[in-house]
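Take a look at the letters that make up each chain.
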Amino acid sequence: MADDGFNDQTEFDPAARLALAVASSGAGIWDRDFTSGRISYSRAWKAMLGYAEHEVSNRIEDSYQRVHPDDLAMVQAKILAHMENRTPVYEVQHRLRCKDGSYIWVQSRGKVAARDPQGKALRMTGITTDITETIALSEQLRQNVELLTNLTDEIPGLVFQYCEPAKGVAHFPYASAGITDIYGTTPARAAITASVVESVIHPEDLDLYRVSLAESAASLERWHLEFRVLLPMGERWCQGDARPRRLPDGGTLWHGFVSDITERKHIEQQLLEAAATDFLTGVPNRRHLMMCMEKELARLERDGHGGSAVLMLDLDHFKYINDRHGHAVGDDVLKHFAAILRLELRKVDAVGRIGGEEFAAVLSGASLAQATAFGERVRMRMAAAPLRSGGRSIPVTVSIGIATMRPGDGNIANALSRADTALYRAKAAGRDRIETTTD
């Protein structure tokens, strides 16, 4: 069997276990000696840039040559700030040149490990991680997401060994101090049983957590999972990455790390919400509303009976409002109308702006009579609370067409077409009215 880096010495030597866990994480480690002006890199750090072991010098001048010119001043400023104890850690995102001349985005974090009696920095150790794919997803994610593997006790994050023996209790033979931040427990407790970790994993994610580890153990493929934990300070998102190795007894040992990605998840949720929202009015956009209508039609088809109301709502003489009062006032009218619509909606309903001054809504399980009452309430609210702008009152009316979505429609276009036909009749009959159709 090939040498997997695990032997009796590794098993009982915490330093060796840490070194093996760090090497398996795929992150690059560096150590800078300020006195000699030299910097040493781990093999993984060099491989990350495409270099062989002997192809990277330890001259600090050479290290700065690899930093992208646009990022160099920032990197040096960050290092200086930490050297002078103005920041608790050195942390920076920047670009590094690879052996082939291309650049990758990396995130580096480090901490001064030794100072002389006057406080002058003597040595700093840290970690560099390739974050190129994360940067490519979004510039906003690049600026906000902390997708960094923290592999020392000085830096947040959990470096670990996790063991599932063929016989016995699953446990963490090695866990860095970061286990307290990630799982709210201690290395000593986790070394006895992994149950202290499973006890804080979100109940909705626990089965997935166990299954993913079982699959990784069976295939010896890298373990990767995003999951939630419940800690006293609230719910947090974690990302776990580790490489499994088969033990002589048939069990499995993972070397890897877990990082906190709560901020990234929050940003992703904000981006998803932004992608589904009309920027001007704050209501869902056309695409998201169509998805809601598809789900409602699927529900009706599953039930096989009943129906829901589909409404098309169009602000009357909107072009005149824009021409007379200006487009800024026209935008305020749209926002005012959207706010009124939201006041009348139930949680099971959906509304969206589908273009210009036209909106659509689907009222789940509502009859034509209930939808008509909804439309009348909207019309009355508009009449009772006209938009006020610049000391002026700007009355706006709305025409509404209503149709029923039925299980046999096949697709939402049929219901939308019927509602649009009813809206056309409302417009043709003088506007500021509601028309329904049962066709």
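Model, not experiment: these values are computed from the prediction.

Draft legend 1. Layout of the overall build of the protein. On a plain count of helices and strands, the protein comes out with 17 helices and 17 strands. Within the protein, contacts between residues separated by at least 24 positions form 56% of all contacts whose residues are at least 6 apart in sequence. Of the roughly 21,800 Å² of accessible surface on the protein, a fraction of 53% belongs to carbon and sulfur atoms.

Draft legend 2. Quick look at the pairing of strand E16 (residues 398-405). The element E16 is extensively covered by neighbouring structure, given that eight of its eight residues are classed as buried. Burial of the side chains of E16 extends over both faces: Val-398, Ile-400, Ile-402 and Thr-404 are buried on one face and Ser-399, Gly-401, Ala-403 and Met-405 on the other. Where strand E11 (residues 308-315) meets E16, eight bridges bridge the pair, whose relative direction is antiparallel. Bridging across to E16, Asp-314 finds its partner in Ser-399. Two strands pair when backbone bridges link them, and E16 and strand E17 (residues 434-436) are joined in this way by three bridges, in the parallel orientation. Bridge assignment links Gly-401 to a residue of E17, and that residue is Glu-435.

Draft legend 3. View of the pattern of salt bridges. Following the criterion strictly, the structure yields 27 salt bridges and no others. Arg-379 is the partner of Asp-432 in a salt bridge, and the nearest nitrogen-oxygen pair spans 3.2 Å. Residue Asp-432 is found in the loop between helix H17 (412-428) and E17, and its partner Arg-379 is found in helix H16 (residues 368-384); the two are separated by 53 residues along the sequence. The structure contains a network of salt bridges with shared partners spanning Arg-43, Lys-46 and Glu-53.

Draft legend 4. Focus on the sheet that holds strand E8 (residues 223-231). In space, the five strands of this open sheet follow the order E7-E6-E10-E9-E8, with antiparallel pairing throughout. Strand pairing shows two members of the sheet lacking a second neighbour, strand E7 (171-175) and E8, which therefore form its edges. Going across the sheet, the axis of each strand differs from the next one's by a mean of 30 degrees, ignoring polarity. In this structure, E8 lies alongside strand E9 (residues 234-246), joined through nine bridges in antiparallel fashion. Pairing of Leu-225 across the sheet is with Gly-240, part of E9. Those strands touched by helix H11 (residues 203-219) are strand E6 (158-164), E8, E9 and strand E10 (252-260), and its axis lies near 150 degrees from that of E8. Here helix H12 (residues 262-275) sits on the sheet and contacts E8, E9 and E10; the angle it forms with E9, its principal contact strand, is near 115 degrees.

Draft legend 5. Representation of the pairing of strand E1 (residues 28-33) in the model. Summarising the sheet, E1 and strand E5 (residues 121-130) pair through six bridges and their orientation is antiparallel. Across the sheet, the residue bridging to Trp-30 is Gly-126, located in E5. Of the pairings in the sheet, the one linking E1 to strand E2 (residues 38-41) comprises four bridges and is antiparallel in character. Residue pairing in the sheet places Asp-31 in a bridge with Ser-40 of E2.

Draft legend 6. Main features of the sheet that holds E5. Across the sheet, which stays open at both edges, the five strands sit in the order E2-E1-E5-E4-E3 with antiparallel pairing between neighbours. The two strands at the open ends of the sheet, each matched to only one other strand, are E2 and strand E3 (90-97). Adjacent strand axes in the sheet meet at a mean angle of 25 degrees, parallel and antiparallel pairs treated alike. Of the strands in this sheet, E1, E3, strand E4 (103-115) and E5 are in contact with helix H5 (residues 69-83), which crosses E3 at around 155 degrees.

Draft legend 7. The arrangement of the packing of aromatic side chains in detail. Applying the stated criterion across every chain yields a total of nine aromatic pairs. Each ring, one from Tyr-209 and one from Trp-223, has its centre 6.0 Å from the other, and the planes form 85 degrees; the classification is edge-to-face. Of this pair, Tyr-209 sits in helix H11 while Trp-223 is found in strand E8, placing the two residues 14 residues apart along the sequence. The same class applies to Tyr-209 as to Trp-223, namely buried. Here a set of aromatic residues connected by ring pairs shows up, and it is made of Phe-160, Tyr-162, Phe-172 and Trp-254. Cation over ring: Lys-265 sits above Trp-237, and NZ or CZ is 4.6 Å from the ring centre.

Calculation rules
- Residues numbered from 1 in each chain as written.
- Predicted model: local features only at pLDDT ≥ 70, side-chain atom pairs only at ≥ 80, totals over all residues.
- Heavy atoms only, no water.
- Helix = DSSP H or I, 4+ residues; strand = E, 2+ residues; numbered from the N terminus.
- Contact = heavy atoms within 4.5 Å.
- Areas by Shrake-Rupley, 256 points an atom, 1.4 Å probe, with all protein chains shown as cover.
- Buried < 20%, exposed > 50% of the residue type's maximum accessible area, 1.4 Å probe, protein only.
- Pairing = 2+ DSSP bridges.
- Salt bridge = Lys/Arg side-chain N within 4 Å of Asp/Glu carboxyl O.
- Axes fitted to C-alpha atoms, helices over the stretch in contact; angles between N-to-C directions.
- Phe/Tyr/Trp six-rings, centres within 6.5 Å; stacked < 30°, edge-to-face > 60°.
- Lys NZ or Arg CZ within 6 Å of the ring centre and 35° of its normal.

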